[in-house]
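# Summary of structural features
Now for the letters of each chain:
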Amino acid sequence: MVTLHFSEGKELQLGYRLLKILAENLPDTEEYSELGQALLDLGIPSITQELVGNPILSNAQYDTMWETGNLEVRRKLVDEKKFLKNLTDAQAKDIITLNDTQMLESIAEWAELFYPDENDSEQAARLSGSMADAVLTHISTHSDSSVRASLVRNTSSPAKFLPSVRLCIEQGMSRHMRLAGMTADDSQALSHASLETIIYIAKNIEEILDKNVRRTVATALIEHPDPSVRLALAENSSAPAYAIKALLSDPDIDVAATARRELKDRDEENEFDED
């Protein structure tokens, strides 16, 4: 039980429900920092969780919350950008030791915060590069595919921790693979890729940076026996022109007609641009 003392000498006892409401609605101004600390000092995990994310909390308070908090509190902390930006080596070691999949997935979504940012002097100021690498290596090689996939889904994840396109295909993470760095070796994996993966590539083929690889992949798509793949390529307004032109003679009338319409749209757009 908590007792609230008024300056007039009155005292009121506060129960859990009101304390939780206070934590949920604590104003984010400095005048209430002492009240925030008092709520933290109660040591009640469900109350502490409600305070996570409040701007008045300091790094020192977050450190204490991490040290004394249970798993739920720690999970809530790693969902907080400010906490991850100020992670310490000791906290990073704890994360690896805990090996909690929910926590690791949350961290993967903000992987870029583990490294310095020239526009933010605070980011990664307390975390060594070796420990940052250790956490992301742990995530990128994790036995749970959902953890690895979380890192791939983050478009800002450091490239050195991302799997190759080939590995994404083999491990069923094709929806989130980065096609930009696709290599000739990666393209060989298309022969045993799922139809969903092939269609995804057809819809995003322009992302492949290597022109020779892009042409090799385009040829494979144009020659694919399933019309759904060729149709997806024909509908891609950013696909290479040579691929669309090749589909003009496609044996499927829908694919050929879609290719004709796409080329016509491109011609009209070019005329408009010239005007």
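I will try to describe carefully the structure that is included in this document. From a predicted model like this one, the values you see are computed outputs, not experimental measurements.

Here we come to the overall build of the chain. When you go through the chain residue by residue, the secondary structure sums to 17 helices and 2 strands. Whereas a compact globule of 275 residues would reach a radius of gyration of roughly 19 Å, the chain reaches 27 Å, over 25% beyond that. Seen along its three principal axes, the alpha-carbon backbone of the chain occupies a region of about 90 × 40 × 35 Å. Across the 275 residues in the chain, those meeting the buried criterion constitute 40%. Considering only contacts within the chain whose residues lie at least 6 apart along the sequence, 53% involve residues at least 24 apart. Counting every atom, the chain has about 15000 Å² of accessible surface; 49% of that belongs to carbon and sulfur. Seen as two clouds, the 27 positive and the 48 negative side-chain charges of the chain have centres 4 Å apart.

Running from N to C, helix H8 (residues 101-108) and helix H9 (residues 129-140) point in directions that differ by 115 degrees, and their axes come no closer than 10 Å. With respect to H9, the axis of H8 lies roughly perpendicular. Read as a crossing pair, H8 and H9 show a hand that is left-handed. Across the interface between the two elements, Leu104, Ile107 and Ala108 from H8 touch Val135, His138 and Ile139 from H9. Residues of the contact of H8 with H9, tallied by class, amount to 5 nonpolar, 1 polar and no charged.

Applying the stated rule across the entire model yields 2 aromatic pairs. Centre to centre, the rings of tyrosine 62 and phenylalanine 83 are 6.2 Å apart; their planes meet at 70 degrees, and the pair counts as edge-to-face. In this pair, tyrosine 62 is assigned in helix H4 (residues 59-68) and phenylalanine 83 in helix H6 (residues 81-85), connecting sequence segments 21 residues apart. By relative accessible area, tyrosine 62 is classed as buried at 1%. Residue phenylalanine 83 is classed as buried on the basis of its relative accessible area of 3%. Taken together, Tyr62, Trp66 and Phe83 form an aromatic cluster joined through their ring pairs. Over the aromatic face of tyrosine 242 sits the side chain of arginine 215, whose NZ or CZ is 3.8 Å from the ring centroid.

What follows concerns the environment of glutamine 188. Take glutamine 188: it is sitting in the loop between helix H12 (184-187) and helix H13 (195-204). We classify glutamine 188 as exposed; its relative accessible area is 52%. Sequence spacing of glutamine 188 and serine 33 is 155 residues, and the spatial spacing of their C-alpha atoms is 59 Å.

Take the packing of helix H7 (residues 89-98) against H9 next. Following both chains from N to C, one finds H7 and H9 inclined at 15 degrees, their axes separated by 10 Å at the closest point. Here H7 is positioned roughly parallel relative to H9, judged by the angle of their axes. Viewed along their axes, H7 and H9 form a crossing whose handedness is left-handed. Note on element contacts: H9 touches H7 through Met131, Ala134, Val135 and His138, opposite Asp89, Ala92, Lys93 and Ile96. Residue classes in the contact of H7 with H9 are distributed as 5 nonpolar, 1 polar and 2 charged.

This structure, assessed with the given rule, holds 10 salt bridges. The residue aspartate 100 makes a salt bridge to arginine 75 at a minimum N-O spacing of 2.8 Å. Of this pair, aspartate 100 sits in the loop between H7 and H8 while arginine 75 sits in helix H5 (residues 71-78), and the two are 25 residues apart along the sequence. Residue arginine 75 is classed as buried on the basis of its relative accessible area of 17%. Close ionic contact of arginine 230 with aspartate 250 constitutes a salt bridge, the shortest N to O distance being 2.4 Å. Taken together, the positions of arginine 230 in helix H15 (residues 227-235) and aspartate 250 in the loop between helix H16 (241-246) and helix H17 (253-274) put the pair 20 residues apart, joining distant regions of the chain. Like aspartate 250, arginine 230 is buried.

What follows concerns the nonpolar core. Among the nonpolar cores identified, the biggest contains 71 residues, and Ile107, Phe114, Ile139, Val217 and Leu221 are the most heavily contacted of them. Sort the elements by how many residues they give to this core and H9 lands first, with 5 residues. Excluding residues within four positions of it along the chain, valine 217 makes contact with Met182, Ser187, Leu190, Ile201, Ile205 and Ile208.

Cut-offs used in this document
Residues numbered from 1 in each chain as written. Predicted model: local features only at pLDDT ≥ 70, side-chain atom pairs only at ≥ 80, totals over all residues. Heavy atoms only, no water. Helix = DSSP H or I, 4+ residues; strand = E, 2+ residues; numbered from the N terminus. Rg over C-alpha atoms; globule rule 2.2 N^0.38 Å. Buried < 20%, exposed > 50% of the residue type's maximum accessible area, 1.4 Å probe, protein only. Contact = heavy atoms within 4.5 Å. Areas by Shrake-Rupley, 256 points an atom, 1.4 Å probe, with all protein chains shown as cover. Lys, Arg positive; Asp, Glu negative; His and termini not counted. Charge placed at Lys NZ, Arg CZ, Asp CG, Glu CD. Axes fitted to C-alpha atoms, helices over the stretch in contact; angles between N-to-C directions. Parallel < 35°, antiparallel > 145°, perpendicular 65-115°, else oblique. Left-handed = near helix turned anticlockwise from the far one by under 90°. Nonpolar A, V, L, I, M, F, W, Y, C, P; charged D, E, K, R; others polar. Phe/Tyr/Trp six-rings, centres within 6.5 Å; stacked < 30°, edge-to-face > 60°. Lys NZ or Arg CZ within 6 Å of the ring centre and 35° of its normal. Salt bridge = Lys/Arg side-chain N within 4 Å of Asp/Glu carboxyl O. Core = buried A, V, L, I, M, F, W, Y, C linked by side-chain atoms within 4.5 Å.

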